[in-house]
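Spelled out from the first residue to the last, the chains are:
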Amino acid sequence: MTVMLEARNLVKHFGAVKAVNDISLTVEKGEVLGFLGPNGAGKSTTMKMLTGFLEPTSGSAHVASHNVADEPIAAKSVLGYLPEGAPAWADMTPASFLSFIADSRGLSGPEKSKAIEDAVQKVHISAVLNRPIETLSKGYQRRVGLAQAILHDPDVLILDEPTDGLDPNQKHEVRELIASMRAEKAIIISTHILEEVEALCTRAVIIDRGRVVLDGTPAELKARSNWNGAVSIQLGQDQLDAANDVLKGMAGLKSLKNRHDEKKATITLFPKDSADLLAPAQKALSKAKITYETIHVHEGRLDDVFRTVTHGDLGDGQSVDDIQSPKTGEDQ
């Protein structure tokens, strides 16, 4: 496959804070990369360096083999970017804004008209085309931002929270749009919605405190979850103690947890070293003549993996993605 986007040892300092700490990654044509991390991990800062919006302290970014710093126009000509917050001129209408973006992209005449019409139809904003952007809902503003990102049919898309503020139907539409474009583009999506990663992404990278801590397909990440292969058994409360005694000595068992109310109880068995616990648990319970209502095996959970490999906020409430540039005073 063709590598369309590459970060090489990206580092970014804001004063004494190292927001991004030696991040390297590649995205190939046909890939949708989920870019994940807790608040303050450096996701938006990394994306701003990949797009040329922010200069790295060291390292480099490449779009379609173009060095973003050395060949900014060539790199940005094949790049579409939806920034955090989908910024746009508040007093412009979506129609005038997209016309301006098309002019900036060098589109004119019938080509310009068709590009705008296609983008408007893809993100479903025809009903608000002539309303000031400042009067639009957050969801519509997000879709206007997405329209400008895809307007010139770029080879590479970098989308920071593309479904933020959208209702469930709108999220579904945007996910379908991204899926329809995947084969011909390289796409990065920053998101906090883990179900979006499972639904859309061919690969996911998790960063924490400016570093890559995990990189793999959603299935590979879920396989690292404590819940992968766990077995839950529902049974009567009166059977709980006897079942615990039988199960707690099973080979391959890492831990055992109980959850119960006055009548029902659930025992969950967590495996050690990917051990298969289903058949041994059924055999042990049968031998002890302990009856149960249901038994099932769990898949791994992305949220469990995410919590395991990340450490949350910086500790003082400050997010590195919110630190202002000492040079410009603008949100970097």
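What you see is a predicted model; the values in this text were computed from it and never measured.

**Overview of the overall build of the protein chain**
Reasoning step 1: For the protein chain, the count of helices and strands is eleven helices and 14 strands.
Reasoning step 2: With the principal axes as the frame, the protein chain shows a C-alpha extent of 80 × 45 × 40 Å.
Reasoning step 3: The buried share of the protein chain, reckoned over its 332 residues, is 49%.
Reasoning step 4: A separation threshold of at least 6 residues defines the contact pool for the protein chain, and within that pool the share at least 24 residues apart is 69%.
Reasoning step 5: For the protein chain, the accessible surface area stands at approximately 16200 Å², while carbon and sulfur atoms represent 48% of it.
Reasoning step 6: Across the protein chain, the 37 positively charged side chains and the 46 negatively charged ones have centroids separated by 5 Å.

**Remarks on the environment of Met 1**
Reasoning step 1: Mapping Met 1 onto the fold places it in the segment before β1 (3-14).
Reasoning step 2: Given the relative accessible area of 73%, Met 1 is considered exposed.
Reasoning step 3: Distance from Met 1 to Leu 159, taken between C-alpha atoms, is 22 Å for residues 158 residues apart in sequence.
Reasoning step 4: Setting aside its immediate chain neighbours within four residues, Met 1 contacts Glu 28, Lys 29 and Gly 30.

**Things to note about helix α6 (residues 168-181)**
Reasoning step 1: For α6, which comprises 14 residues, the first-to-last C-alpha distance of 20 Å matches the rise-based estimate of 20 Å (1.5 Å per residue) to within 8%.
Reasoning step 2: The N-cap residue of α6 is Asp 167: its side-chain oxygen and the backbone nitrogen of Asn 169 are 3.0 Å apart.

**Describing the confidence of the model for the protein chain**
Reasoning step 1: Across the protein chain, the average pLDDT comes to 90, with 94% of residues at or above 70.
Reasoning step 2: Predicted confidence is poor over residues 312-332, with pLDDT under 50, and the contacts of this stretch with residues over four places away or in other chains come to 44 contacts.

**Focus on the sheet that holds strand β13 (residues 264-271)**
Reasoning step 1: On the basis of which strands lie adjacent, the open sheet formed by four strands has the order β12-β13-β11-β14 and antiparallel pairing. Two strands lie at the open edges of the sheet, namely β12 (253-260) and β14 (294-297), each paired on one side alone. Adjacent strand axes in the sheet meet at a mean angle of 15 degrees when their direction is disregarded.

**Examining the pairing of strand β6 (residues 79-82)**
Reasoning step 1: The alternating pattern of β6 places Leu 79 and Tyr 81 on one face and Gly 80 and Leu 82 on the opposite face, and all of these are buried.
Reasoning step 2: In the sheet, β6 pairs with strand β7 (residues 156-160) via four bridges, with the strands oriented parallel. Opposite Leu 79, over in β7, you have Val 156 as the bridge partner.

**Quick word on unusual backbone geometry**
Reasoning step 1: Backbone geometry at Asp 153 places phi at a positive 50 degrees, although glycine is not the residue there.
Reasoning step 2: The class of Asp 153 is exposed, set by a relative accessible area of 53%.
Reasoning step 3: At Arg 209, a residue that is not glycine, the phi angle is positive and equals roughly 50 degrees.
Reasoning step 4: Locating Arg 209 in the fold gives a position in the loop between β9 (203-208) and β10 (211-216).

**Side note on the packing of aromatic side chains**
Reasoning step 1: Counted by the stated rule, this structure contains three aromatic pairs.
Reasoning step 2: Both rings, one in Trp 89 and one in Phe 100, keep their centres 5.3 Å apart while their planes meet at 85 degrees; by these two values the pair is edge-to-face. Note that Trp 89 is positioned in the loop between β6 and α3 (94-104) and Phe 100 in helix α3, a separation of eleven residues in sequence.
Reasoning step 3: We classify Trp 89 as partly exposed; its relative accessible area is 46%.
Reasoning step 4: These aromatic residues form a ring-pair network of at least three members: Trp 89, Phe 97 and Phe 100.
Reasoning step 5: The ring of Trp 227 has Arg 301 sitting right over it, with the charged end atom 3.7 Å from the ring centre.

**Quick word on the sheet that holds strand β3 (residues 32-36)**
Reasoning step 1: Taking strand neighbours across the sheet as the criterion, the six strands line up as β6-β7-β8-β3-β9-β10 in an open arrangement whose pairing is mixed. The open sheet terminates on both sides in strands that have one partner only, identified here as β6 and β10. Sheet twist, expressed as the mean angle between neighbouring strand axes with direction ignored, is 15 degrees.
Reasoning step 2: Bridge count between β3 and β9: four bridges; the pairing is parallel. Residue pairing in the sheet places Phe 35 in a bridge with Val 205 of β9.
Reasoning step 3: Sheet strands touched by helix α1 (residues 43-50): β3, β6, β7, β8 (186-190) and β9. Its angle to β7, the strand with the most contacts, is close to 150 degrees.

**Quick word on the pattern of salt bridges**
Reasoning step 1: With the rule as written, the count across this model stands at 15 salt bridges.
Reasoning step 2: A salt bridge links Lys 29 to Glu 184, with the nearest nitrogen and oxygen atoms 3.7 Å apart. Of this pair, Lys 29 sits in the loop between β2 (17-28) and β3 while Glu 184 sits in the loop between α6 and β8; the two residues are 155 residues apart in sequence, bridging distant segments of the chain.
Reasoning step 3: Between Glu 196 and Arg 175 there is a salt bridge, and its shortest N-O distance comes to 3.0 Å. Of this pair, Glu 196 sits in helix α7 (residues 194-200) while Arg 175 is found in helix α6, placing the two residues 21 residues apart along the sequence.
Reasoning step 4: For Glu 196, a relative accessible area of 2% corresponds to the buried category.

Criteria and thresholds
- Residues numbered from 1 in each chain as written.
- Predicted model: local features only at pLDDT ≥ 70, side-chain atom pairs only at ≥ 80, totals over all residues.
- Heavy atoms only, no water.
- Helix = DSSP H or I, 4+ residues; strand = E, 2+ residues; numbered from the N terminus.
- Buried < 20%, exposed > 50% of the residue type's maximum accessible area, 1.4 Å probe, protein only.
- Contact = heavy atoms within 4.5 Å.
- Areas by Shrake-Rupley, 256 points an atom, 1.4 Å probe, with all protein chains shown as cover.
- Lys, Arg positive; Asp, Glu negative; His and termini not counted.
- Charge placed at Lys NZ, Arg CZ, Asp CG, Glu CD.
- Expected span 1.5 Å × (residues − 1).
- Polar contact = N/O pair within 3.5 Å; in protein donor to acceptor, adjacent residues only side chain to side chain.
- pLDDT = per-residue confidence, 0-100.
- Pairing = 2+ DSSP bridges.
- Axes fitted to C-alpha atoms, helices over the stretch in contact; angles between N-to-C directions.
- Phe/Tyr/Trp six-rings, centres within 6.5 Å; stacked < 30°, edge-to-face > 60°.
- Lys NZ or Arg CZ within 6 Å of the ring centre and 35° of its normal.
- Salt bridge = Lys/Arg side-chain N within 4 Å of Asp/Glu carboxyl O.

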